[in-house]
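Read off the chains here:
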Amino acid sequence: MNFETLATQGFLDLKKQNNTVSTPIYANTAYSFDSVQHAVDLFDLKVAGDIYSRLSNPTNDILEKRIAALEGGIGALATSSGQSAILIAILNIAEAGDEVVTSAKIYGGTYNLFAKTFKQMGINVKFINSDNLEDYENAITEKTKCIYTETLGNPSIKVADIEGLANIAHKHGIPLIVDNTVPTPYLCRPIEFGADIIIHSTTKYLSGHGNAMGGIIVDSGNFDWEQNDKFKMLTTPDESYHGTIYSKAFGKAAYILKCRAHLVRDLGCIQNPFNSYLTILGVETLHVRMDRHCENALKLAKHLENHPHINYVNYPYLESSPDYKLAQKYLKHGASSLIGFGVDGDGTKFIEALKLFIHATNLGDVRSIITYPAGTTHRQLSDEQKIKAGITNDFMRASIGLENIDDIIEDIDNAIKISRS
């Protein structure tokens, strides 16, 4: 199937779901076993199947299979949020004493997770404050377990050089983990450029309507976990499963299987089936929505670029953008809906003067949303950390929705006038 068909009907089995055209919500916790031996085999990971909805659920299964296929992966795990997806993805291969290398220009919630919570767990995260690939490579040590990046940085809207980072990671025998939330697989499939693990906050564009919290991890199946002795959690016996060695028992699916069988089992952060259902509905229109998101965002970015009272505009599809060449390489169909810009005026008055834009911290919604990162998503960061993340006091993050572009532009222009009065 092509992308649009897969997004709309991928893994739809009408007979299996009692001929219902829409994917059912399986609102149950437990599943009956065919026999005692069947139960034993399920708990020993010898056969596939559902045991308890903290581990898997038929509604979640459809979402997982569909997103894995759209990203070009071999399997996926739907989690309770994007943050829990990042947590599980890293903890699946890293423990106390290990290191992670990432950019300083990442989502504020992820920055806090890495700088605060992972530090408490004994995992050291090195933040790279440049776009120089050599700086990433120089930060890698024997303790480094992965490089982590965002395809499109939130809210910096920097384009990651996925292929370059993947080459460096693989040179040192570690995987590249990519958060692909902002582009979605419709605009970019990082696995095609060498990424090994993909993460999404499904709360954003995949769901698309601001009504379903969730996250997902996609495994490319391409990384060789046995190439060195760095990933013993995957290549040595797991005593909680009678000595099962994931890399031996599950081959290419070892990583994603361990995410579910070990970490979701113990941490419990699985996606709610109702949220999976809502996200499936969103995915069915993903390609249509993303086309309009990109169209509206580019028109607004060009308008703001020429506005006398806008200090700067960050949008990688502008030819003036330093990331324009990278965007042309990695984002063939558009640069998504996030725009960063600096307002020459009173930022508080600007936000409060907006009528159409909703002042909130979400993005990827069908409705246009404005966020002031310095006072919200990145408020927990120190002034120095904000500067490294590209967050200045005039910086606004706009997630451009599906409204008429003339209304969007008029709302922005009117708010700028008021902010300067």
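As shown above, the structure is provided for reference.
What this report covers is the structure whose coordinates are included nearby. Residue numbers here run from 1 along each chain, matching the order of that chain's written sequence. Two thresholds apply to this predicted model, a pLDDT of at least 70 for residue-level local features and 80 or more for giving and counting side-chain atom pairs, whereas whole-chain, interface and lining totals are computed over all residues. Here the side-chain values reflect all heavy atoms present in the structure, with hydrogen atoms and water set aside.

The helix count covers DSSP runs of H or I at least four residues long, the strand count covers runs of E at least two residues long, and both are numbered beginning at the N terminus. Secondary structure assignment for the protein yields 17 helices and 12 strands. Against the 2.2 N^0.38 benchmark of 22 Å for 421 residues, the protein shows a C-alpha radius of gyration of 22 Å, consistent with a compact globule. For every residue, the accessible area (1.4 Å probe, protein chains only) is compared with the maximum for its type, and the residue is labelled buried under 20%, exposed over 50%, or partly exposed between those bounds. Relative to its 421 residues, the protein shows a buried fraction of 56%. The contact criterion used is simple: two residues touch if any of their non-hydrogen atoms lie within 4.5 Å. By sequence separation, contacts in the protein at least 24 residues apart represent 72% of the contacts at least 6 residues apart. Counting rule for charge: Lys and Arg are taken as positive, Asp and Glu as negative, and neither His nor the chain ends is counted. Think of each charge as sitting on NZ of Lys, CZ of Arg, CG of Asp or CD of Glu. Averaging the coordinates of the 39 positive side-chain charges in the protein and doing the same for the 49 negative ones gives two points 2 Å apart. Atoms counted for the radius of gyration: C-alpha only. Globule rule: 2.2 Å times residue count to the power 0.38.

Here we come to the sheet that holds strand 5 (residues 176-179). Think of it this way: DSSP has to see at least two bridges between two strands before they count as a pair. One open sheet accounts for seven strands, arranged 1-7-6-5-4-2-3; its pairing is mixed. Each edge of the sheet is formed by a strand with only one pairing partner; in this case those strands are strand 1 (75-79) and strand 3 (124-128). Direction aside, the axes of adjacent strands within the sheet are offset by 20° on average. As judged from the four bridges shared by strand 2 (residues 99-103) and strand 4 (residues 144-150), these two strands associate in the parallel manner. Across the sheet, V100 pairs through a bridge with C146, a residue of strand 4. Note on geometry: axes are C-alpha line fits, over the in-contact stretch for helices, and angles between N-to-C directions span 0 to 180 degrees. Contacts from helix 11 (residues 254-267) reach strand 1, strand 6 (197-201) and strand 7 (215-219), with the element oriented near 30° to strand 1.

Time to look at unusual backbone geometry. The omega torsion across N154 and P155 is 10°, close enough to zero to call that bond cis. With respect to the secondary-structure elements, P155 resides in the loop between strand 4 and helix 7 (162-171). At L45, a residue that is not glycine, the phi angle is positive and equals roughly 65°. Along the chain, the position of L45 falls in the loop between helix 2 (36-43) and helix 3 (58-71). A positive phi angle, near 65°, is found at T184, a position not held by glycine. With respect to the helices and strands, the residue T184 is situated in helix 8 (residues 184-187). You can call T184 buried: its relative accessible area is 0%.

A helix is expected to span 1.5 Å for every residue after the first. Between its first and last C-alpha atoms helix 13 (residues 286-305) spans 28 Å; for 20 residues at 1.5 Å apiece the expected length is 28 Å, and the two agree. Listing the buried residues of helix 13 in full gives L286, H287, R289, M290, H293, C294, N296, A297, L300, A301 and L304. The inward-facing, buried residues of helix 13 abut helix 1 (3-9), helix 8, helix 12 (273-283), strand 8 (310-314), strand 9 (338-343) and helix 17 (405-419).

Bringing helix 2 into the picture now. Along an α-helix, residues three or four positions apart point the same way, because every turn accommodates 3.6 residues. Within helix 2, the full set of buried residues consists of A39, D41 and L42. The arc that holds every buried residue of helix 2, seen down its axis, measures 165°, which confines them to one face. Taken from the residues just after helix 2, L45 is the one with a positive phi, measuring 65°. The arc in question is formed by the directions pointing from the helix axis toward the C-beta atoms.

Worth remembering: the numbers are spatial, not functional.
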